[in-house]
Amino acid sequence: MTIDDPARPETTEAPPSEPTDATTPTPGKTGTGRAGTWSALRPLVLRLHFYAGVLVAPFLLVAAASGLLYALSFQAEKVIYAHELEVPVGDTTVPLSQQVNIARKVNPNGTVTAVWPGAEPGATTRVLMADPDVPEGTSLAVFVDPYTGEVRGQLPSFGSSGALPLRTWIDGLHADLHLGELGRNYSELAASWLWVIALGGVLLWFGRRRKNRRALLVPERGPKSRRRTLSWHGSVGLWAVTGLVLLSATGLTWSRYAGENIGTVQDGLGGATPKISATLDGAAGSGSEHEGHGAGHPQGGTTAQGPDIGVDEAVEAARAAGIDSPSVSVVLPAEGKGYVVKETDTQFPLQLDSVAVNPADGTVLDRLAFADYPLLAKLTRIGIDTHTGVFLGLFNQLALAALALSLILLILWGYRMWWLRRPGRPVARGAWRKVPVTMLLPLAAVTALVGWFIPLLGLSLLLFLAVDLTLAAVAKVRARTTRTN
């Protein structure tokens, strides 16, 4: 939600074109109890909702539009890169180690780091390589037909979801507008305010007077008017608010500033994501499987590190240890490390277990089950996978697209209401003075704490306050000048 109620001072009676839906209790009524509390808070919530909606909505609009494109990019990839991703199903398959060697011959300058066997019949094997010709943080994926050994193509592949060029570009647009670290501030600002605007809009929508409860959830019909626009804005916002708040929360988990604070709190509560240990006995250093550089030999034999059973045997050893998902990723061993075979099936129920295998003899070095993750680590993983569209597959992507479209419409409806209500102005300044001190002090303390924890929210809130105070000072000067003249 972005912009809600009239952008002008409240009146006790609604204009004829927008009759008041009188019910009890009346939110604006003074007195004690819930009505009195809301009467004091409503002007403050309305003013914050209005300013945040007007000033932050452009950032949210960009995030929503790029998010909509991202949600649709999963299916677009399947069409655009069908030649690389799909092959006719054959009767027999080529050994995985042989597929890796074929990829190496096609690109001798690359270093194999991981292998993704096809998760279903007709899917190609993806051999990932570190290559100096692809952008930093990106692997070169060589797509091999598992039935014939034919190389179907080579494309840059990004992240654990294997985003190909189209989705990678859209993801960069959504995350930072392709401006690097500076651009990340835009998406963090949008995520920082989304939950505030959405929840504030829900409070205002519930606080309106109406004849029946149905009007909460179902938009009004009738001729085009500001009232009907508000009805659509409020009803659709109420349906979307849970998803929007979750998007805001999950988006903040890997943001630049708030993400660091969230990570610190998560680690302090014992919710850090565990890592499997693939370090060989007597090997120096430690770390996760992501440090692999493909030093192992896919067909087995002897390497500079010693004996190597090969990638096929490593997968078989992992299968015997409980890795039973057809969707796996195999990280080849680096110096002092073993193979790591990871389940990558994010459909429900999740199959995300990992096994580290000794390349010398196929013994299991370590096993990490997703069921053993701390609760916070599980929720973080599921939340991020949901935000990135890989949890529950197509259903997840359609839900993301629906939320993004809802947010776009909410913003456009909000600006339309603002335009139709001109030349009105927001609720009168000094709304905070109407809030009782017993409520104002705790509210200020909570606001300060949240502003510190989510820095871009706090800084922009201070900016809103500075602008508001400046406008108030200018208005006073003009009033004095008018009276003098």
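Owing to the predicted nature of the structure, the values given are computational and were not obtained by experimental measurement.

Student: A description of the pattern of salt bridges should follow, citing residues and the corresponding values.
Tutor: All chains considered together, the criterion is met by 7 salt bridges. For the salt bridge of arginine 167 with glutamate 77, the shortest nitrogen-to-oxygen distance reads 3.2 Å. Taken together, the residues arginine 167 in helix α4 (residues 165-176) and glutamate 77 in helix α1 (residues 33-80) connect sequence positions 90 residues apart. Residue glutamate 77 is classed as buried on the basis of its relative accessible area of 6%. Among the ionic pairs, glutamate 150 bridges to arginine 152, the shortest N-O distance being 3.8 Å. The class for glutamate 150 is partly exposed, based on a relative accessible area of 39%. What makes arginine 152 buried here is its relative accessible area of 16%. Among the charged side chains, a network of salt bridges with common partners joins Glu181, Arg184 and Arg256.

Student: Please provide a residue-by-residue account of the confidence of the model for the chain, values included.
Tutor: Fine structural detail should not be taken from predicted coordinates in areas where pLDDT scores are low. Of the residues in the chain, 86% have a pLDDT of 70 or more, and the chain-wide mean is 86. Scored below 50 in pLDDT, residues 1-32 shows 93 contacts in the model against residues more than four places distant or in partner chains. Confidence over residues 284-293 falls short of pLDDT 50; this stretch has 26 contacts with residues more than four positions distant or in other chains.

Student: Talk me through a positive patch on the surface; I want residue IDs and the actual numbers.
Tutor: There is a patch of like positive charges on the surface, built from Arg433, Lys476, Arg480 and Arg483. The residue lysine 476 is located in helix α13 (residues 455-484) in this model.

Student: Lay out the sheet that holds strand β8 (residues 339-343) in plain terms, naming residues and giving numbers.
Tutor: The strands that make up a sheet pair up through hydrogen bonds in the backbone, lying either parallel or antiparallel. Reading across from one edge, β4-β3-β2-β1-β7-β8-β9-β10 is the order of the 8 strands in this open sheet, with antiparallel pairing throughout. Each edge of the sheet is formed by a strand with only one pairing partner; in this case those strands are β4 (151-158) and β10 (364-368). On average, each strand axis in the sheet is tilted by 20° relative to the strand beside it, whichever way the strands run. The strands that helix α3 (residues 96-106) touches are β1 (111-116), β2 (125-130), β3 (138-144) and β4; relative to β2, the one it contacts most, it runs at about 50°.

Student: I'd like to hear about the side chain of serine 327, residue by residue, with values.
Tutor: By secondary structure assignment, the location of serine 327 is in the loop between α9 (311-320) and β7 (328-331). Among all residues touching serine 327, those that are not within four sequence positions of it are Ala119, Lys342, Glu343, Thr344 and Asp345.

Student: Quick one: what's the story with unusual backbone geometry, residue by residue and with numbers?
Tutor: Note the cis peptide between phenylalanine 348 and proline 349, where omega equals 0°. You can see proline 349 is positioned in the loop between β8 and β9 (354-357). Even without being a glycine, leucine 392 presents a positive backbone phi close to 70°. Examined against the element boundaries, leucine 392 turns out to sit in the loop between α10 (375-387) and α11 (394-420).

What counts and what doesn't
Residues numbered from 1 in each chain as written. Predicted model: local features only at pLDDT ≥ 70, side-chain atom pairs only at ≥ 80, totals over all residues. Heavy atoms only, no water. Salt bridge = Lys/Arg side-chain N within 4 Å of Asp/Glu carboxyl O. Helix = DSSP H or I, 4+ residues; strand = E, 2+ residues; numbered from the N terminus. Buried < 20%, exposed > 50% of the residue type's maximum accessible area, 1.4 Å probe, protein only. pLDDT = per-residue confidence, 0-100. Contact = heavy atoms within 4.5 Å. Patch = residues over 30% accessible without salt bridge, like charges linked within 9 Å, V, L, I, M, F, W, Y side chains within 5 Å. Areas by Shrake-Rupley, 256 points an atom, 1.4 Å probe, with all protein chains shown as cover. Lys, Arg positive; Asp, Glu negative; His and termini not counted. Charge placed at Lys NZ, Arg CZ, Asp CG, Glu CD. Pairing = 2+ DSSP bridges. Axes fitted to C-alpha atoms, helices over the stretch in contact; angles between N-to-C directions.

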